[in-house]
Amino acid sequence: MAGVLAMAGCAKDSGGDGNQAAGEGGGGEPGSCVTNEAPAAPEGNGEEQTTEHGDIDASDHKIGLAFDVGGRGDASFNDAAAAGVDRAVEDFGAEKGSESPAAGSESEAAKEQRLRQMAEQGNNPIIAVGFAYAEAVGKVAPQYPDTEFALVDDNSVDEKNVTPLVFAEEEGSFLAGVAAAYKTSECQVGFVGGVQTPLIQKFQAGFEQGVKAAGGDNIEVKSEYLTPAGDISGFNDPAKANVKSKSMISQGSDVLFHAAGASGQGVFEAAAEGDALGIGVDSDQYKQKTLADVKDVIVTSMLKKVDVAVYDYIAAVADGNPDDLPERFDLSVDGVGYSKSNPDIEDITEELEGYKKAIVDGDVEVSETPEG
């Protein structure tokens, strides 16, 4: 796919100090760690697709939002879902219905109660944000056959009134890995996952493959998680993420990509303090008001366009055809991608678009699982 360039000038010295902090010598310039030539970018440099819905009237629909941990205001996953609903309310005349966030340690019974209460209140459709709702949706949806449910990040529920909204996180994260490879000066980057689940491991897998595609074995990737599977507090613990990130930066990582929900704020604060860079997730975190103080370190974000999927889903429900939605929101339908708000990404946009095209064309295949 790609020719091999001369080995980067910042290749690691095996006799050096592995705990050397980023920016304390031994590194090169951004881009000097890249060893492989990027695929050719498409003409037009990758214009995003837009979906036209025509005249959709959703005034008969009250939209219920069952949030994951963190709820509205998490500057990430939940906010993306909320943005899709807000846009549908404005564009289609839908009514904003009930909203309720999950607690970090709540039971399945609590999730079921939340969904039942929303259904009893006349919310239709009800959007369950996050794979943690899979079991609850599987139990509640059959009890309300006239209510439509969307389940974000899980496709295990086989009910006629349940529409899965799932994404190719590994593809978008691959591009985040490429960006990290081009932006690191220390030839070491890091991944911070919120909870060690198969879903979040898709982000890790794509990121690691993207780094390797651009930098070969010349760039080291350190991957860490805040909590194990079953403990979802890792999605809402910025303090823990800050400590973890500072440790990774002190060991030499100068670009950190997080998939940790609201905990990501701690990653960015550590990057700002440690003269490193951060890569956001889900939404364009450079533009998030709650992250304004640290936005300059957010060089790009891996866009998981939950907002687009939710918006398209509401339009499809109003139009009576939710089955027409993509089976998976991937790069080919712009269901995932990367943000361009920070001007610091402009110098590598051509390379990112080249890798994006290679994935869409099938020249590069991205695995959903990390190596080892």
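The present account deals with the structure reproduced in this document. Please read all numbers here as calculations on a predicted model, not as lab measurements.

1. Some thoughts on the environment of Val366
Turning to its location among the elements, Val366 is positioned in the segment after helix 9 (349–360). Not counting residues within four places of it along the chain, the set of residues in contact with Val366 comprises Glu170, Glu171, Phe174, Gly206, Gln209 and Ile359.

2. Observations concerning the sheet that holds strand 3 (residues 126–128)
Spatially, 2-1-3-4-5 is the arrangement adopted by the five strands of the open sheet, whose pairing is parallel. Of all the strands in the sheet, the pair left with one neighbour each is strand 2 (95–100) and strand 5 (162–165). Averaged over all pairs of adjacent strands, the angle between strand axes in this sheet comes to 20 degrees, irrespective of strand direction. Pairing analysis gives four bridges linking strand 4 (residues 149–152) to strand 5, with the strands arranged parallel. Residue pairing across strands places Val152 opposite Leu165, the latter belonging to strand 5. Sitting on the sheet, helix 1 (residues 77–92) is in contact with strand 1 (62–66), strand 2, strand 3 and strand 4, with an inclination near 175 degrees to strand 1. Helix 8 (residues 306–319) rests against strand 1, strand 3, strand 4 and strand 5 of the sheet, and its axis sits at about 155 degrees to strand 5.

3. Remarks on the pattern of salt bridges
Applying the stated rule across the entire model yields 23 salt bridges. Ionic pairing is found between Glu106 and Lys111, a salt bridge with its closest N-O pair at 3.6 Å. Of the charged contacts in the structure, one is a salt bridge between Arg328 and Glu170, with a shortest N-O distance of 2.9 Å. Highlighted residues: Arg328 in the loop between helix 8 and strand 11 (336–338) and Glu170 in helix 4 (residues 169–183), separated in sequence by 158 residues. Classification of Arg328 by relative accessible area gives partly exposed; the value is 29%. Connected via shared salt-bridge partners are Asp153, Glu169, Glu170, Glu171, Lys202, Lys304, Arg328 and Glu368.

What counts, and where the lines are drawn
Along every chain, residues carry numbers that run from 1 in the direction the sequence is written. Only residues with pLDDT of at least 70 are given local features in this predicted model, and only at 80 or more are side-chain atom pairs given and counted; all residues enter the totals for whole chains, interfaces and linings. Here the side-chain values reflect all heavy atoms present in the structure, with hydrogen atoms and water set aside. A run of H or I in DSSP becomes a helix once it reaches four residues, and a run of E becomes a strand once it reaches two; helices and strands are each numbered from the N terminus. Two residues form a contact once any of their heavy atoms are found within 4.5 Å. Between any two strands, pairing holds if DSSP finds at least two bridges. Simply put, an axis is a line fit to the C-alpha atoms, just over the touching stretch for a helix, and the angle between two N-to-C directions goes from 0 to 180 degrees. Take a side-chain nitrogen of Lys or Arg and a carboxyl oxygen of Asp or Glu: if they are within 4 Å of each other, that pair is a salt bridge. Here's how the labels work: a residue is buried when its accessible area is under 20% of the maximum for its type, exposed when over 50%, partly exposed in between, all with a 1.4 Å probe on protein chains only.

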